[in-house]
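Now for the letters of each chain:
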Amino acid sequence: MLKGLALTPPVIGRISIGKVVEKDGRRLPEKDDEFTVTSQVQNREGWITHPIDETLRSSAGAKLRSIPVRLLFDDADLSLRANYTLFDRATGRPMCVGNGEACKRSTSSGLQTLPCPSPEGCEIAKGGHCRPYGRLNVRIGDDDELGTFVFRTTGYNSIRTLSARLSYFHAVSGGLLSTLPLELRLRGKSTTQSHRAPIYYVDLTVRTGMSLADAIGNAKTESQSRQSSGFDQGALDEAARQGFAAGAFEESEEEAASVVEEFFPDDFENGQVVGSHRPDAKPGLAEKLNRRVASSQRIGAASGGE
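What you see is a predicted model, and the numbers here were worked out from it, not measured in a lab.

Once that is clear, we can look at the packing of aromatic side chains. With the rule as written, the count across this model stands at one aromatic pair. Ring geometry for F87 versus Y133: centroids 5.5 Å apart, planes at 70°, classification edge-to-face. Linking F87 in strand β5 (residues 80-87) with Y133 in strand β9 (residues 130-138), this pair joins segments that are 46 residues apart in sequence. Sitting over the face of the ring of F231, R226 holds its NZ or CZ atom 4.6 Å from the ring centroid.

Pasting the structure below:
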């Protein structure tokens with residue numbers, strides 16, 4: 001097995017609540033008030049819709065605001081990974097990933113583990129480029145029992161709500177998250193920061209028409225059926241845990257440009273990162289980060305620190 005490569009859940013499609021559109025020669029993300037389920041293939045118009053998207057809609061052209069799903073893992077932290085993430089503006093690769101206590105940071109001296117004070121208290125996070133970044137993997141349908149659709153977000157509301165729901169469902173079901181019949185729902189709210197305009201976030205509930213007790217009973221029955229067939233959920237969770245730990249960062253080179261385009265539009269122009277490949281460009285974030293780390297190391301050495 002290749003070393004240094006994170007093994008993430010197999011992805012067969014994406015779930016989004018927006019799309020990237022072209023405006024005045026720039027490709028920019030545009031928010032939406034419904035889900036869209038896409039494949040992993042893009043054309044000039046954007047991501048190609050997955051066939052299951054049409055199946056999920058009640059009628060042609062109807063808004064898709066709920067999706068029946070199941071989770072692949074019983075461990076909530078395997079289904080939803082959320083971190084503070086600082087991306088390299090020139091490549092889109094994560095440079096620093098932390099949880100508010102500790103972080104992994106890519107520097108000129110290699111990968112380092114350092115304290116993470118969260119973006120508000122971090123010197124290198126000034127400018128708003130370090131944000132919470134979450135990835136939720138879910139199953140839709142039964143065609144591929146180990147294949148998932150991924151929902152990516154930098155929204156506090158979605159990350160906070162999904163984290164709480166997963167924690168609560170894990171507690172009340174006795175840890176049977178992988179067999180609970182669940183549903184992704186799109187919810188709206190208005191805040192003073194949004195100037196009273198609605199903003200949308202993703203929630204996770206039991207299936208429409210089911211009570212929590214019904215869902216837990218269904219989960220227990222399904223879990224017992226799996227065990228009888230020899231399905232080892234604990235071994236699957238452990239394999240995923242080891243797979244995530246195999247690499248320093250989850251995102252690969254192939255995903256870099258699309259992540260930057262979707263979540264950092266101010267630095268993206270005509271499909272290229274602004275400032276990259278320009279001889280007169282200002283130093284990129286990676287270079288600035290490396291300079292600061294090197295400077296702090298020199299100061300520490302001069303003062304006799306470790």
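Let us keep going from here.
Grouped together as the largest cluster of nonpolar side chains are 31 residues, with contacts concentrated most on I15, F35, I67 and L184. What L184 contacts, discounting residues up to four positions off in sequence, is I15, F35, R65, S66, I67, V69, L136, V138, L162, V202, D203 and L204.

A separate point is empty space enclosed by the protein. With a probe scaled to a water molecule rolled over the atoms, the places where space remains empty come into view. This model, assessed by the stated rule, comprises two cavities of 30 Å³ or more. Estimates place the volume of the largest cavity at around 100 Å³. For the largest cavity, the lining is made up of 16 residues, of which C96, R105, C116, C122 and C130 are closest to its centre. Counting only elements with at least two residues in the lining of the largest cavity, the list comes to β5, β6 (94-98) and β7 (102-107). Top contributing element to the lining of the largest cavity by residue count: β6, with three residues.

Attention now moves to the environment of P10. Positionally, P10 belongs in the segment before β1 (11-23). For P10, a relative accessible area of 48% translates into the label partly exposed. Sequence separation between P10 and T148 is 138 residues; the distance between their C-alpha atoms is 6.0 Å. Sequence-distant contacts of P10, that is, excluding residues within four places in its chain, are made with L146, G147 and T148.

The rules we used
- Residues numbered from 1 in each chain as written.
- Predicted model: local features only at pLDDT ≥ 70, side-chain atom pairs only at ≥ 80, totals over all residues.
- Heavy atoms only, no water.
- Phe/Tyr/Trp six-rings, centres within 6.5 Å; stacked < 30°, edge-to-face > 60°.
- Helix = DSSP H or I, 4+ residues; strand = E, 2+ residues; numbered from the N terminus.
- Lys NZ or Arg CZ within 6 Å of the ring centre and 35° of its normal.
- Core = buried A, V, L, I, M, F, W, Y, C linked by side-chain atoms within 4.5 Å.
- Buried < 20%, exposed > 50% of the residue type's maximum accessible area, 1.4 Å probe, protein only.
- Contact = heavy atoms within 4.5 Å.
- 1 Å grid on protein atoms, 1.4 Å probe; cavity = no way out; pocket = protein on both sides within 12 Å on 5 of 7 lines; lining within 4 Å.
- Points joined across faces, edges and corners; volume = space filled by probe spheres on them.

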